[in-house]
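Survey of secondary and tertiary structure
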Amino acid sequence: MSEIYKNEQYSIQERVCDLLSRMTIEEKVGQLMQLPAHFGGFTDKLEEWHVGSYLHCTGDDATTLQQRAANTRLGIPLIFGIDAIHGHCFDNHATVFPTQLSASSSWDKDLMYRMARVTAKETRATGQHWTFSPVLCVARDARWGRINETYGEDPWLIGEMAAETIKGYQGDGPNREDSILACAKHYVAYGETLGGRDSYECDTSRRKLLSLFMPPFEKAVKEANVASLMTGYHAIDGVPCTVDKWLLTDVAKTDWGLDGFIVTDWENVRSLHTKQYVCENEKEACYRSLLAGNDMIMSTPEFYPLTIELINEGRIDISVVDTAVERILTKKFELGLFDDMRFFTAEKSSVMGIKPHLDVSLEASLKSMVLLKNNGLLPVDSADIKKILVVGPNAHDVIAQLGDWSFGSMQAGATNDTYHRDQTTTVFQALQKASQVHGFELEFIKGSDCVDENFDEISQIEQALPGVDLVVACVGDTLSQNGEFHDRADLNLSGKQQAMLEAVKASGSPLVVALIASKPLSIPWIAENADALVCGFNPGPYGGEAFKQVLFGEHNPSGKLTVSFPVHVGQLPVYYNKYVGWHAQSSGQLNGEERYIDMPKDPLFSFGEGLSYSQYVYSTIRTSRQTIEPNQDISVSMNVTNTSQVDGTEIVQVYLRDLYSSYTTPVKKLCGFARVDIKAGETRAVDITIPFEELALIDSSLNKVVEAGDFHIMVGSSSKDCDLTVLTINLTKDCVVMKSN
Ligand code: BGC
């Protein structure tokens, strides 16, 4: 074989170099193009524009296009990208998982890894190579439509979960058949846009970016070697992420050493001209995007002719394009696309939605259940029940239960509830099965959907209530109320849901609320009036089964919130890792009383909160030493006893506060946790190590430094002060962890 790039005996670097030397300018620019396969007729352009990548190419189209690419002059394979966000959901046979927000309530890193492994195997089996996942955005404002896609509000936890997810997608062995590329997105601070409005301006500083929003991405690059980053839509302090060289090149590629490539989000380049008005024309937009460090351009077709013009005019040096092409080709070689892995060979039925995969989904649904209130009603003994009344729009709604990105590329506009129908058990269906097993009567009044005001289910419910032993109300939101550009200004229960709950309450029947929602809603009435509240967010196909198991005590809930619930939408933002205001100190307390005059300071439910049917007692909490030197990690140990009669799992949390520093710092930030299985009556010793670097802050020169002085280490079962034991450690000397360039 004459061509080096076709010969597996050579190193990837040699093969890339050889291929690059054979490519024309047109072929190189084509490699940077990613076009939609599902509309716009862009698949016709494959040969003419030497297209390097398509997105959302499902079914047999992937084989057909790959075959056409193989027949081109150099035969460079296509790389297919898809939003396999919580499972390879665009394929109707694939395993669907709870959404990222829902699954994050498990605080289970190993589960994240296994969910991603399943997704990688199923995605690869359909000829796709690359998922636009995970989302590393920090959930800051619950009005934002994409809260469901995040791992919640804590940057450290996000980084931990994301790193495992990425390792799961990309695989850790040489087996390329079941690995896909991950894409950490949206780089960066997309969740911080003004008013929770999707893709609006984000007013933040580089200090804050480095303190809060960039650390998860840094971990994704440095610890998990993520193959790609996606540039956010929005602008930060006036500079669209797409043209921010500091973000893309100086930090991600140079400081962190990203060896993969950067892809823009949808139409980012064109939008510099048409939406953000920072470029007078599209050619300028192409020029600035390339120089900033984007390697692949998603869905801006004009990039192809305009970039060729820019090169021919001498405005763009071909070396800039070469570097981007090199990064992309390297990943194609790593995936084996030039060799035996160009076409998928797996027998789909032996991979997609198979029992071991579905079992992981059930496990995820169970671990994602968060018990937020229980006045002793739960778990219910089925022997005591003669009749259950199920009410509410989300009791039998596949779309609300599976959540966004589950229905092909229709996304938020989806109305197709036949998708993944076979896999899904709704709450109503799970209870129906249980009623047959346990012999209780079950009645279901669905009533209106989440947004419908015109249906009169209230009188129907009132009529059904006499003689009922238990009411299970499934409330929340639905797909039309969340997702991209589906932000909400109002976080109250919509439609008739509140009236329905009040009718149940008036009857005096015991009330269990199951919350199936894309985000924290403002539900103080439920917190006060329901007998029990279980939150699943979008809990996946097995969400109904999981709710049923929690209800009857077949599963002891262990999930803890990764995002805080506001008392009222006007209380936003309510994340736990807040800063103390000046007036807050008037009360003389460390955490102060900063609040609106008409609103409590605390969220309705806080980050880290979640009950169990077990009770846990923490004792002998200590740090390995009270005085530490620079670069010494801190070890925290304790005993946790399950004082109840039921086996359970406790999520032990460790927070940190820098007491006095040159800059204001948050009142607390998570720096360690452990999921601990504890049998009834058992005591487990728990050790958690806090890496020294966690003590750091970013100074005004953007250096990462740790300042000498006292730090509080807080240990307990949630982020709430009342759940935490405080210890003090002292650092003897200042220390620079990382100098900014
Ligand atoms: C979203 C991305 C997604 C991309 C491709 C965009 O609208 O912001 O998260 O990966 O579309 O579907």
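Residues numbered from 1 in each chain as written. Predicted model: local features only at pLDDT ≥ 70, side-chain atom pairs only at ≥ 80, totals over all residues. Heavy atoms only, no water.

As recorded in an unreviewed UniProt entry, the protein goes by the name beta-glucosidase, listed as coming from Vibrio hippocampi. Quoted straight from UniProt, the Catalytic activity (unreviewed entry) entry for the protein says "Hydrolysis of terminal, non-reducing beta-D-glucosyl residues with release of beta-D-glucose." Per UniProt, the protein carries the Sequence similarities (unreviewed entry) text "Belongs to the glycosyl hydrolase 3 family." (UniProt positions renumbered as here; feature names shortened; annotations may be inferred.)

This brings us to the overall build of the protein. Helix and strand counts for the protein come out as 21 helices and 27 strands. Against the 2.2 N^0.38 benchmark of 27 Å for 741 residues, the protein shows a C-alpha radius of gyration of 26 Å, consistent with a compact globule. Dimensions along the principal axes, computed over C-alpha positions, put the protein at roughly 80 × 60 × 50 Å. Taking all 741 residues of the protein together, 63% fall into the buried category. When the accessible surface of the protein is split by element, carbon and sulfur atoms take 48% of a total near 26800 Å². The protein carries 65 positive and 99 negative side-chain charges, and their two centres are separated by 3 Å. (Helix = DSSP H or I, 4+ residues; strand = E, 2+ residues; numbered from the N terminus. Rg over C-alpha atoms; globule rule 2.2 N^0.38 Å. Buried < 20%, exposed > 50% of the residue type's maximum accessible area, 1.4 Å probe, protein only. Areas by Shrake-Rupley, 256 points an atom, 1.4 Å probe, with all protein chains shown as cover. Lys, Arg positive; Asp, Glu negative; His and termini not counted. Charge placed at Lys NZ, Arg CZ, Asp CG, Glu CD.)

All right, on to the packing of aromatic side chains then. As enumerated under the stated definition, the model contains 21 aromatic pairs in all. Consider the rings of tyrosine 187 and tryptophan 256, whose centres lie 6.0 Å apart with planes at 65 degrees: the pair is edge-to-face. Of the two residues, tyrosine 187 sits in strand E5 (residues 183-187) while tryptophan 256 sits in the loop between helix H10 (245-255) and strand E9 (261-264), which places them 69 residues apart along the sequence. Across the pair, exposure class does not vary: tyrosine 187 and tryptophan 256 are buried alike. Taking the centre distance of 6.5 Å and the plane angle of 80 degrees together, the rings of phenylalanine 607 and tyrosine 655 count as edge-to-face. You can see phenylalanine 607 sitting in the loop between helix H21 (543-551) and strand E17 (616-623) and its partner tyrosine 655 sitting in strand E20 (residues 648-658), a full 48 residues away along the chain. (Phe/Tyr/Trp six-rings, centres within 6.5 Å; stacked < 30°, edge-to-face > 60°.)

Moving on, we come to the site of the ligand. Taken together, 13 residues are adjacent to the ligand, and Asp83, Arg146, His186, Tyr233 and Asp265 come closest. Here an oxygen atom of the ligand sits 2.8 Å away from a polar atom, N or O, in the side chain of lysine 185. Aspartate 265 has a polar side-chain atom sitting 2.6 Å from an oxygen atom of the ligand. Starting from 310 Å² of accessible surface for the ligand in isolation, the protein chains cover 96%. (Near = heavy atom within 4 Å. Polar contact = N/O pair within 3.5 Å; in protein donor to acceptor, adjacent residues only side chain to side chain.)

In this model, the largest pocket occupies a volume close to 1200 Å³. In this structure, the largest pocket is lined by 46 residues; those nearest its centre are Leu210, Ser211, Pro215, Ile698 and Lys704. Of all the elements in the fold, those that place two or more residues in the lining of the largest pocket are helix H7 (155-170), helix H8 (206-213), helix H9 (215-222), H10, E20, strand E21 (669-678) and strand E23 (697-698). (1 Å grid on protein atoms, 1.4 Å probe; cavity = no way out; pocket = protein on both sides within 12 Å on 5 of 7 lines; lining within 4 Å. Points joined across faces, edges and corners; volume = space filled by probe spheres on them.)

This part takes up the sheet that holds E17. The antiparallel open sheet is built from three strands, whose spatial order is E17-E19-E22. Every other strand in the sheet has two partners, leaving E17 and strand E22 (683-690) as the edge strands with one partner each. Here the strands of the sheet are splayed against their neighbours by 20 degrees on average, with no regard to which way each runs. Inspection of the sheet shows strand E19 (residues 634-642) paired to E22 by eight bridges, in the antiparallel sense. Following the sheet pairing, valine 640 is matched in E22 by arginine 684. (Pairing = 2+ DSSP bridges. Axes fitted to C-alpha atoms, helices over the stretch in contact; angles between N-to-C directions.)

Moving on, we come to empty space enclosed by the protein. In this approach, a probe sized like a water molecule rolls over the atoms, and the result shows the empty space that is left. As enumerated under the stated definition, the model contains three cavities of 30 Å³ or more in all. Volume-wise, the largest cavity comes out at about 120 Å³. Lining the largest cavity we find 16 residues, and of these Ile85, His86, Met115, Thr165 and Tyr169 sit closest to its centre. Sorting the residues of the lining of the largest cavity by element identifies helix H5 (100-104), helix H6 (109-125) and H7 as the ones contributing at least two each. It is H6 that provides the largest number of residues to the lining of the largest cavity, a total of four residues. Per-class residue counts for the lining of the largest cavity are nine nonpolar, seven polar and no charged. (Nonpolar A, V, L, I, M, F, W, Y, C, P; charged D, E, K, R; others polar.)

When their charged atoms lie close together, side chains carrying opposite charge are able to pair. All told, the structure shown has 45 salt bridges when counted by the stated rule. Measuring nitrogen to oxygen at the nearest pair gives 3.7 Å for the salt bridge that ties arginine 675 to aspartate 108. Within this pair, whereas arginine 675 is found in strand E21, its partner aspartate 108 is found in the loop between H5 and H6, the two being separated by 567 residues in sequence. On the basis of relative accessibility, which here comes to 23%, the residue arginine 675 falls in the partly exposed class. Aspartate 108 gets classed as buried once you look at its relative accessible area, which sits at 8%. Residues joined by salt bridges that share partners form a network here, namely Asp108, Asp110, Arg114, Glu363, Lys367 and Arg675. (Salt bridge = Lys/Arg side-chain N within 4 Å of Asp/Glu carboxyl O.)

In a regular helix each residue adds 1.5 Å, so 17 residues correspond to 24 Å; helix H14 (residues 318-334) covers 24 Å between its end C-alpha atoms and thus fits that length. Every buried residue of H14 is listed here: Val321, Asp322, Ala324, Val325, Arg327, Ile328, Leu329, Lys331, Lys332 and Phe333. Of the residues one or two after H14, glycine 336 is the one with positive phi, at around 80 degrees. (Expected span 1.5 Å × (residues − 1).)

Once that is clear, we can look at the packing of helix H12 (residues 282-292) against helix H13 (residues 303-312). Put simply, H12 and H13 touch, their axes get as near as 9 Å, and they point 75 degrees apart. The pairing of H12 with H13 is recorded here as roughly perpendicular in orientation. Touching Glu282, Lys283, Cys286, Tyr287 and Leu290 of H12 are Phe303, Leu306, Thr307, Glu309 and Leu310, all from H13. Considered class by class, the residues forming the contact of H12 with H13 number six nonpolar, one polar and three charged. (Parallel < 35°, antiparallel > 145°, perpendicular 65-115°, else oblique. Contact = heavy atoms within 4.5 Å.)

According to the stated counting rule, one finds zero disulfides in the structure shown. Cysteine 57 takes part in no disulfide bond, and the closest cysteine sulfur, belonging to cysteine 89, lies 18 Å away. Judged by its relative accessible area of 1%, cysteine 57 falls in the buried class. The thiol of cysteine 137 is unpaired, and the distance to the nearest cysteine sulfur, on cysteine 241, comes to 9.9 Å. Given a relative accessible area of 3%, cysteine 137 falls into the buried group. (Disulfide = S-S within 2.5 Å.)

Checked against the element boundaries, serine 435 lands in helix H17 (residues 427-438). Setting aside its immediate chain neighbours within four residues, serine 435 contacts Phe440 and Leu442.

With that settled, the discussion passes to the UniProt feature "domain: Fibronectin type III-like" (unreviewed entry) in the protein. According to UniProt, the positions carrying the feature "domain: Fibronectin type III-like" (unreviewed entry) are residues 650-719. Structurally, residues 650-719 comprises 0% helix and 57% strand, and the distance from its first C-alpha atom to its last is 14 Å.

As a further point, take the sheet that holds strand E6 (residues 228-231). Taken together, the three strands give an open sheet; going across it, the order is E5-E6-E9, and neighbouring strands pair in parallel fashion. A strand with exactly one partner marks an edge of an open sheet, and here the two such strands are E5 and E9. For this sheet, the mean inter-axis angle between neighbouring strands, taken without regard to orientation, is 25 degrees. As paired strands, E6 and E9 are joined by four bridges and run parallel to one another. Directly across from serine 228, in E9, lies its bridge partner phenylalanine 261.

By size, the foremost hydrophobic cluster in this structure holds 61 residues, and its most contacted members are Tyr187, Val188, Met214, Val226, Leu229 and Leu247. Considering each element in turn, this core owes the most residues, eight residues, to H7. Among residues more than four places away in sequence, those in contact with leucine 247 are Tyr187, Val188, Met214, Ile236, Cys241 and Ala252. (Core = buried A, V, L, I, M, F, W, Y, C linked by side-chain atoms within 4.5 Å.)

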